[in-house]
Amino acid sequence: MARKNARALNGILLLDKPLEVSSNGILQRVRWLYQAQKAGHTGALDPMASGLLPICFGEATKFSQFLLDTDKTYQVTAKFGIRTTTSDAEGEVISEKPVNFSAAELERAMQAFRGDIQQVPTMFSALKYQGQPLYRYARQGIEVPREARPISIFRFELLVLNGDSADFIVHCSKGTYIRTLIDDLGELLGCGAHVSKLHRIQVGPFHAEQMVTPAQLNTLAEQSHQSSDFSAMDDLLLPMDAGIRDMVKLELTQAEQHRLQHGQSCQISMADIAAVKLHGPDDSFFGIGQVEDGILSSRRLLNTAALSGS
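Now for a quick tour of the structure. Not measured: the values here are computed from a predicted model.

**Quick look at the packing of helix H3 (residues 103–111) against helix H5 (residues 178–189)**
A pair of packed helices can be characterised by two numbers: the angle between their axes and the separation between those axes.
Argument step 1. Contact geometry of H3 with H5 gives a least axis separation of 10 Å together with a crossing angle of 125 degrees. The orientation of H3 with respect to H5, classified from their angle, is oblique. Crossing handedness for the pair H3 and H5: right-handed. Every residue of H5 that contacts H3 at Glu105, Leu106, Ala109 and Met110 is listed here: Leu185, Leu188 and Leu189.
Argument step 2. Of the residues in the contact of H3 with H5, the class split is 6 nonpolar, no polar and 1 charged.

**Remarks on the side chain of threonine 61**
Argument step 1. With respect to the secondary-structure elements, threonine 61 resides in the loop between strand S3 (49–57) and helix H2 (64–68).
Argument step 2. By relative accessible area, which is 16% here, threonine 61 ends up buried.

**Describing the sheet that holds strand S15 (residues 266–267)**
Argument step 1. The strand order across the open sheet formed by 5 strands is S14-S16-S17-S18-S15, and the pairing between neighbours is mixed. What marks the edges here is a single partner per strand, and that holds for strand S14 (249–251) and S15.
Argument step 2. Pairing analysis gives 6 bridges linking strand S17 (residues 285–292) to strand S18 (residues 295–301), with the strands arranged antiparallel. Bridge assignment links glutamate 292 to a residue of S18, and that residue is isoleucine 295.
Argument step 3. Helix H8 (residues 254–261) rests against S15, strand S16 (273–279), S17 and S18 of the sheet, and its axis sits at about 60 degrees to S18.

**Notes on the pairing of S18**
Argument step 1. With 2 bridges joining them, S15 and S18 adopt antiparallel strand pairing. Bridge pairing links glutamine 267 to isoleucine 295 in S18.

**Things to note about unusual backbone geometry**
Argument step 1. At serine 87, a position not held by glycine, the phi torsion is positive, near 65 degrees.
Argument step 2. Here serine 87 lies in the loop between strand S5 (82–84) and strand S6 (93–96).

**Section: helix H6 (residues 214–227)**
Argument step 1. Taking 1.5 Å as the rise per residue, H6 with 14 residues should run 20 Å; its terminal C-alpha atoms sit 20 Å apart, in good agreement.
Argument step 2. Taken from the residues just after H6, serine 228 is the one with a positive phi, measuring 60 degrees.

**As for the pairing of strand S11 (residues 165–172)**
Argument step 1. Across 8 bridges, strand S4 (residues 72–80) lies against S11 in antiparallel orientation. When the sheet's bridge partners are listed, glutamine 75 is paired in S11 with isoleucine 169.
Argument step 2. Examined bridge by bridge, strand S10 (residues 149–162) and S11 share 8 bridges and lie antiparallel to one another. Across the sheet, the residue bridging to arginine 155 is histidine 171, located in S11.
Argument step 3. If you look at the hairpin formed by S10 and S11, you'll find 2 residues sitting between the two strands, and glycine 163 has a positive phi there, around 65 degrees.

**Examining the pattern of salt bridges**
Argument step 1. Evaluated as defined, the whole model comprises 13 salt bridges.
Argument step 2. Put simply, aspartate 88 and arginine 179 hold a salt bridge, and the shortest N to O gap is 3.8 Å. Here aspartate 88 is found in the loop between S5 and S6, whereas its partner arginine 179 is found in helix H5, with 91 residues between them in sequence. Considered together, aspartate 88 and arginine 179 belong to a single accessibility category, that of buried residues.
Argument step 3. Here glutamate 157 and arginine 155 are joined by a salt bridge, their closest N and O atoms 2.4 Å apart.
Argument step 4. Exposure remark for glutamate 157: the relative accessible area of 32% places this residue in the partly exposed category.
Argument step 5. When salt bridges with common partners are traced through the structure, they connect Asp46, Asp88 and Arg179 into a single cluster.

Conventions used here
Counting restarts for each chain: residues are numbered from 1 in the order of the written sequence. Given that this is a predicted model, residues contribute local features only at a pLDDT of at least 70 and side-chain atom pairs are listed and counted only at 80 or more, while totals for whole chains, interfaces and linings are drawn from all residues. Heavy atoms throughout the structure, all of them, feed into the side-chain values; hydrogens and water do not. The angle between two axes is taken between their N-to-C directions and runs from 0 to 180 degrees, where each axis is a line fitted to C-alpha atoms and a helix contributes only its stretch in contact. Under the scheme used here, helices are H or I runs from DSSP no shorter than 4 residues and strands are E runs no shorter than 2 residues, and both carry numbers assigned from the N terminus. Angle categories are assigned with fixed cut-offs, so that under 35 degrees is roughly parallel, over 145 is roughly antiparallel, 65 to 115 is roughly perpendicular, and the rest are oblique. Crossings are assigned a handedness: left-handed for a near helix turned anticlockwise from the far helix by less than a right angle, right-handed for a clockwise turn. We call two residues contacting when some pair of their heavy atoms lies within 4.5 Å. Classes in brief: Ala, Val, Leu, Ile, Met, Phe, Trp, Tyr, Cys and Pro nonpolar; Asp, Glu, Lys and Arg charged; the others, Gly included, polar. Burial classification: accessible surface area is computed with a 1.4 Å probe over protein chains only, and a residue below 20% of its type maximum counts as buried, one above 50% as exposed, and the rest as partly exposed. A pair of strands is labelled paired if DSSP reports no fewer than 2 bridges between them. Expected span, for any helix, means 1.5 Å times one less than how many residues it has. Only one rule defines a salt bridge in this text: a Lys or Arg side-chain nitrogen within 4 Å of an Asp or Glu carboxyl oxygen.

Bear in mind that shape data such as this cannot, by itself, settle questions of function.
Listed below in structure tokens is the structure:
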């Protein structure tokens, strides 16, 4: 995409990521379709995973971390009796064992993974060890030490059990590896397991019903590129603060807004809070701040000059 044709676009697109493409690959495709200057996603899905992938354009990328840190929900299909190196269908088979547990035994095993638990991250993850992603070590057959991390499984529900396959709903905190969850469940049942299908249906305040498919986007993009009218595509975008609407909102005076936008802080009568939405006297959103010991300071502020193209 020629830089001179790029648009200063701001907002959030809820994309239904297809199978067998990387999150970065589909991100670059969507960015090209929108002819956007800047875009980023809010938490990658593996190529074998599909579903909700929020894509942030322009100034919205400043708040993508808050979506990375939020809870998520997945539809998961597990295949029991086969354990793989990657804990999904793309890995090499480590072991094969007979499957002979009952639905009641499966439910009892699942109970061990509900609530606040500790999880050892998979070697096939982007977490880093001595500056290198774990998956690079894994591809060389090297296993490095990983510490268990606290996660929360808010919902772990069995939908269907059909022989050696089962469908689940998993609602979990940030940092949860679904592949590891299913692998650990299979080990507890004594037969092994791996993820055969994974579909994300919720990220923070966003749900699957809001998703746009690549096919829908391609159709609109063809029309937009021919007419140089991107209004129909832009109508699909959510506001920049759509992912943080549940955050505490603080309405400021023009003088207070001016101070924050010029790198200064403000005294305020408010309890300490790590993140608060900042709105000006006209109720326009202009960033995120924090309050500590009665002092309000900025964390992420919109570049108002960059908003002219949205």
